[in-house]
Amino acid sequence: MALIKTENLTLSYENMTVIKELSFEVNAGDYLCIVGENGSGKSTLVKALLSLKKPVDGTITFDGMLRREIGYLPQQTNAQRDFPASVSEVVISGCLNSRGIRPFYSLRERRIAAENMERLGITELKKRSYRELSGGQQQRVLLARALCATKKLLLLDEPVSGLDPMVTTEMYELISRINKENVTVIMVTHDMTAALKYASHMLCMTEESHFFGTIDEFIASDAADFMKGGAVRG
Ligand code: ADP
């Protein structure tokens, strides 16, 4: 069974249908890139995967993981970049989903946070203020935070936006390494070159239709020609 499977998923705002009858699946170990024009419904789909938006029709099913076990890295806003907390506080807040109403973090949660800071090479930054870090360092911190919420699946919404090319490459290599460590990745991106380089599967959304398949199927499809025509914009 797939970790996540959607069948004929339809999502709307009031009377406006944004996504119609979308079916795709994500299996353990996959690296799925979601690409598409602005307004094609990528953010709306992310909300539905996070159970923040109810389908008007169709289903999203989870198997072998709980809905709340998604490690989510949201798109960054300028306000978030200025968040007043230390690196270790931001990272450990990824454990909040599983913490329930306990007022303090457990030893186990502190250990998970420390392990993920080590994994992403940010242990030496742990006492630093998050707002004083570079964009690339902040994204590492947020990735460590997302990993505190999951051992299974990362959902990344444009994780390299605003980063310079060298840091962007480092970030992609890091995500690829985590994927090879058996963490499934779903990434919303405008970066077709990176999607073609790293993804195992592609979900390509336009206002009219959707393509879902392996990367080789995508390359051979009309959807790839459409995207090459400049439909992907930042
Ligand atoms: P993308 O992430 O691909 O740019 P979105 O999911 O943000 O696309 O938007 C898809 C469509 O839904 C757009 O037409 C957008 O205007 C509309 N939309 C997005 N959020 C809302 C909302 N909260 N209320 C009403 N319409 C929305």
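Residues numbered from 1 in each chain as written. Predicted model: local features only at pLDDT ≥ 70, side-chain atom pairs only at ≥ 80, totals over all residues. Heavy atoms only, no water.

1. Overview of the overall build of the chain
Then step 1. Within the chain, the secondary structure is distributed over ten helices and nine strands.
Then step 2. Taking 234 residues into account, the globule formula puts the C-alpha radius of gyration at 17 Å, and the chain, at 18 Å, falls close to it.
Then step 3. Evaluated residue by residue, the chain yields a buried proportion of 50% over its 234 residues.
Then step 4. Within the chain, contacts between residues separated by at least 24 positions form 68% of all contacts whose residues are at least 6 apart in sequence.
Then step 5. Accessible area for the chain stands at about 11900 Å²; split by element, carbon and sulfur atoms hold 51% of it.
Then step 6. The chain carries 28 positive and 29 negative side-chain charges, and their two centres are separated by 9 Å. (Helix = DSSP H or I, 4+ residues; strand = E, 2+ residues; numbered from the N terminus. Rg over C-alpha atoms; globule rule 2.2 N^0.38 Å. Buried < 20%, exposed > 50% of the residue type's maximum accessible area, 1.4 Å probe, protein only. Contact = heavy atoms within 4.5 Å. Areas by Shrake-Rupley, 256 points an atom, 1.4 Å probe, with all protein chains shown as cover. Lys, Arg positive; Asp, Glu negative; His and termini not counted. Charge placed at Lys NZ, Arg CZ, Asp CG, Glu CD.)

2. So, the packing of aromatic side chains
Then step 1. One pass over the structure, following the stated rule, counts three aromatic pairs.
Then step 2. Between Phe-24 and Phe-212 the ring centres are 5.8 Å apart and the planes differ by 50°, which places this aromatic pair in the tilted class. Here Phe-24, found in strand E2 (residues 16-26), pairs with Phe-212, found in strand E9 (residues 210-214); they are 188 residues apart in sequence, far enough to count as distant.
Then step 3. Given a relative accessible area of 27%, Phe-212 falls into the partly exposed group.
Then step 4. Taking NZ or CZ as reference, Lys-53 lies 4.4 Å from the ring centre of Tyr-13, over its face. (Phe/Tyr/Trp six-rings, centres within 6.5 Å; stacked < 30°, edge-to-face > 60°. Lys NZ or Arg CZ within 6 Å of the ring centre and 35° of its normal.)

3. Details of the pattern of salt bridges
Then step 1. Under the criterion given, the structure shown has seven salt bridges.
Then step 2. Linking Arg-111 and Glu-115 is a salt bridge whose minimum nitrogen-to-oxygen distance equals 3.5 Å. Placement of both Arg-111 and Glu-115 in helix H5 (residues 107-119) is noted, with a separation of four residues, approximately one turn of the helix.
Then step 3. The class for Glu-115 is partly exposed, based on a relative accessible area of 46%.
Then step 4. Where Lys-197 meets Glu-173, a salt bridge forms, and the shortest distance between an N and an O atom there is 4.0 Å. Of this pair, Lys-197 sits in helix H8 (residues 192-198) while Glu-173 is found in helix H7 (residues 165-180), placing the two residues 24 residues apart along the sequence.
Then step 5. Note on Lys-197: relative accessible area 57%, which makes it exposed.
Then step 6. Each of Arg-119, Arg-177 and Glu-181 takes part in one network of salt bridges that share partners. (Salt bridge = Lys/Arg side-chain N within 4 Å of Asp/Glu carboxyl O.)

4. Topic: H7
Then step 1. Helix length check: H7 (16 residues) gives 23 Å between terminal C-alpha atoms against 22 Å at 1.5 Å per residue, within 8%.
Then step 2. Burial in H7 covers these residues: Thr-168, Met-171, Tyr-172, Leu-174, Ile-175, Ser-176, Ile-178 and Asn-179.
Then step 3. At the C-terminal side of H7, Asn-182 shows a positive phi close to 80°. (Expected span 1.5 Å × (residues − 1).)

5. Focus: the sheet that holds strand E3 (residues 31-36)
Then step 1. The strand order across the open sheet built from six strands is E5-E6-E7-E3-E8-E9, with neighbouring strands paired in mixed fashion. Looking along the sheet, the strands with just one partner apiece sit at the ends: strand E5 (70-73) and E9. Sheet twist, expressed as the average angle between the axes of neighbouring strands with direction ignored, equals 15°.
Then step 2. The sheet contact formed by E5 and strand E6 (residues 153-157) spans four bridges and is parallel. In the strand pairing of E6, Tyr-72 is matched with Leu-155.
Then step 3. Contacting E3, E5, E6, strand E7 (184-188) and strand E8 (201-205), helix H1 (residues 42-49) runs over the sheet at an angle of about 140° to E3.
Then step 4. In the packing of helix H6 (residues 135-148) onto the sheet, the strands contacted are E5 and E6, and the crossing angle to E5 comes to about 160°. (Pairing = 2+ DSSP bridges. Axes fitted to C-alpha atoms, helices over the stretch in contact; angles between N-to-C directions.)

6. Regarding the site of the ligand
Then step 1. Around the ligand lies a shell formed by Tyr-13, Met-16, Val-18, Glu-37, Asn-38, Gly-39, Ser-40, Gly-41, Lys-42, Ser-43 and Thr-44.
Then step 2. Here Ser-40 contributes a backbone N or O atom positioned 3.3 Å from an oxygen atom of the ligand.
Then step 3. Here an oxygen atom of the ligand and a side-chain polar atom of Thr-44 are 2.5 Å apart.
Then step 4. Elements that contribute at least two residues to the shell around the ligand include exactly E2 and H1.
Then step 5. With three residues, H1 is the largest single contributor of residues to the shell around the ligand.
Then step 6. Of the residues contributing to the shell around the ligand, the split by class is three nonpolar, six polar and two charged. (Near = heavy atom within 4 Å. Polar contact = N/O pair within 3.5 Å; in protein donor to acceptor, adjacent residues only side chain to side chain. Nonpolar A, V, L, I, M, F, W, Y, C, P; charged D, E, K, R; others polar.)

7. Remarks on the nonpolar core
What tends to happen in soluble globular proteins is that the nonpolar side chains get buried as a cluster.
Then step 1. Core analysis: the biggest nonpolar cluster contains 50 residues, and Val-91, Ile-122, Leu-143 and Phe-218 have the highest contact counts within it.
Then step 2. Of all the elements, H6 adds the most residues to this core, at seven residues.
Then step 3. Contact partners of Ile-122, with chain neighbours within four places excluded, come to Val-87, Val-91, Met-117, Arg-140, Val-141 and Ala-144. (Core = buried A, V, L, I, M, F, W, Y, C linked by side-chain atoms within 4.5 Å.)

As far as function goes, none of this settles anything; it's purely spatial.
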